[in-house]
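Remarks on the overall topology
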Amino acid sequence: MSDEITHRLSTEGVDPLMLAGVNDGNLVELAKRLGVRVSLRGDALMLQGPLAAVERATPVAQALVDLARMGEALDVGDVDRVVSDEGAGHALPGETTEGDTRIILPGLRRVIQAKTGGQRDYLLAIARHDIVIGIGPAGTGKTYLAVAAAVDALSRKRVRRIVLARPAVEAGESLGFLPGDLHEKVDPYLRPLYDALEDMMPRDRVQKAIDSRTIEIAPLAYMRGRTLSDAFVILDEAQNATGMQMKMFLTRLGVNSRAVITGDKTQIDLASREDSGLLQVERILPGIEGIAFCYLGETDVVRHRLVRDIIRAYAEDVQG
């Protein structure tokens, strides 16, 4: 065709296997989704096809190259997310027109950054507001990115400590019937926070910071009666905090502190859904300067690509 063109993107410094994926799966997916021919030749990614298709494919391909350059191992799910973001008009990963959301942590050989437009908006909100409430389904990176921002703030000496809290509300079980002492009983509820931390810092550094109380991981009930100053505070699984617990948490914040509250409204384990402090703050706090609400959706899921379809199926079943 007369409007067929070839566009070349530099891939210098990029691991070709990381960009192309297993059996060139990422390139095949990109070609299938955007109607262009895609090939890797030396230090260049070649896009060939009709002018309009190549123009649309170029920013998507560039975003994937940028992610690979940062050391991200990409898969077809990443291609799907970036294509979806471009189609929805979201800022693509790697774009920094409104602020750089990349997090470079000491000791890590990779860069943590948003993989979707929703995640990018979330990180920007954390950078710009004292309190951020992130609401969305499992797998959207709510907790992981909040912990990364907290470790970044600590490493840059913007805060003196990190406090991570979760309500110890059981999904159909009772703490009293679990074996062990109090620490052993609550540890399963706090384990995801330890896991996120240990992905950001060497394990010995995490333990040293916990021993020195630079990092504290505790059930939400332990926050009562305290003032948290010079701290980055994260309340995870906030949908299971009661209204009173949420008010208690929010009023703990002291001077030079910031808080991120994360939750999933579809996974409330309280006896009465209306008791959820997350639903309450969603009603009463919008419009207060310094507080931002960020909503992540199925397009922001960064787990196995089937997780997105599972979330959508459950949502449709509830609506039906």
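Above this text you will find the structure in question.
This section reports on the structure supplied with the text. In every chain, residue numbers begin from 1 and rise along the written sequence. For this predicted model, a pLDDT threshold of at least 70 governs which residues receive local features, and a threshold of 80 or more governs which side-chain atom pairs are given and counted, while totals over whole chains, interfaces and linings are taken from all residues. Excluding hydrogens and water, the side-chain values take into account all heavy atoms of the structure.

1. Notes on the nonpolar core
- Core analysis: the largest hydrophobic core is formed by 39 residues, its most contacted members being Tyr122, Leu197, Ile215, Ile217 and Phe232.
- Numbering of helices and strands starts at the N terminus; helices are DSSP runs of H or I of at least 4 residues and strands are runs of E of at least 2. When contributions to this core are tallied by element, the ones reaching two or more residues are helix H5 (117-128), helix H6 (142-155), strand S7 (161-166), helix H7 (182-200), helix H8 (203-211), strand S8 (215-219), strand S9 (231-235) and strand S11 (291-295).
- Residue contacts are defined here by distance: any two heavy atoms, one from each residue, within 4.5 Å place the two residues in contact. With sequence-adjacent residues up to four places away left out, Ile215 is seen in contact with Leu154, Ile162, Leu197, Met201, Ala209 and Ile210.
- Take the buried Ala, Val, Leu, Ile, Met, Phe, Trp, Tyr and Cys residues and link them wherever side-chain atoms come within 4.5 Å; each set so joined is a nonpolar core. Exposure classes here rest on a 1.4 Å probe applied to the protein chains alone. A residue is buried below 20% of its type maximum, exposed above 50%, and partly exposed in between. Within the second largest apolar cluster, 25 residues are counted, among which are Leu30, Leu64, Ala68 and Leu74.

2. Things to note about helix H9 (residues 243-250)
- Within the span of H9, buried status applies to Gly243, Met246, Met248, Phe249 and Leu250.
- On its buried face, H9 sits against strand S6 (131-135), S9, strand S10 (258-263) and helix H10 (277-284).

3. Concerning the sheet that holds S9
- Any two strands between which DSSP finds at least two bridges are classified as paired. Read across the sheet, six strands follow the order S8-S7-S9-S10-S6-S11 without closing on themselves; strand pairing throughout is parallel. Looking at the sheet topology across the chains shown, the edges are occupied by S8 and S11. Recorded for the sheet is a direction-independent mean angle of 15 degrees between the axes of neighbouring strands.
- In this sheet, S10 lies alongside S9 in parallel orientation, the contact comprising four bridges. Among the inter-strand pairings, Ile234 is bridged to a residue of S10, identified as Val260. Angles run from 0 to 180 degrees between N-to-C directions of axes, and those axes are lines fitted to C-alpha atoms, restricted for helices to the stretch in contact.

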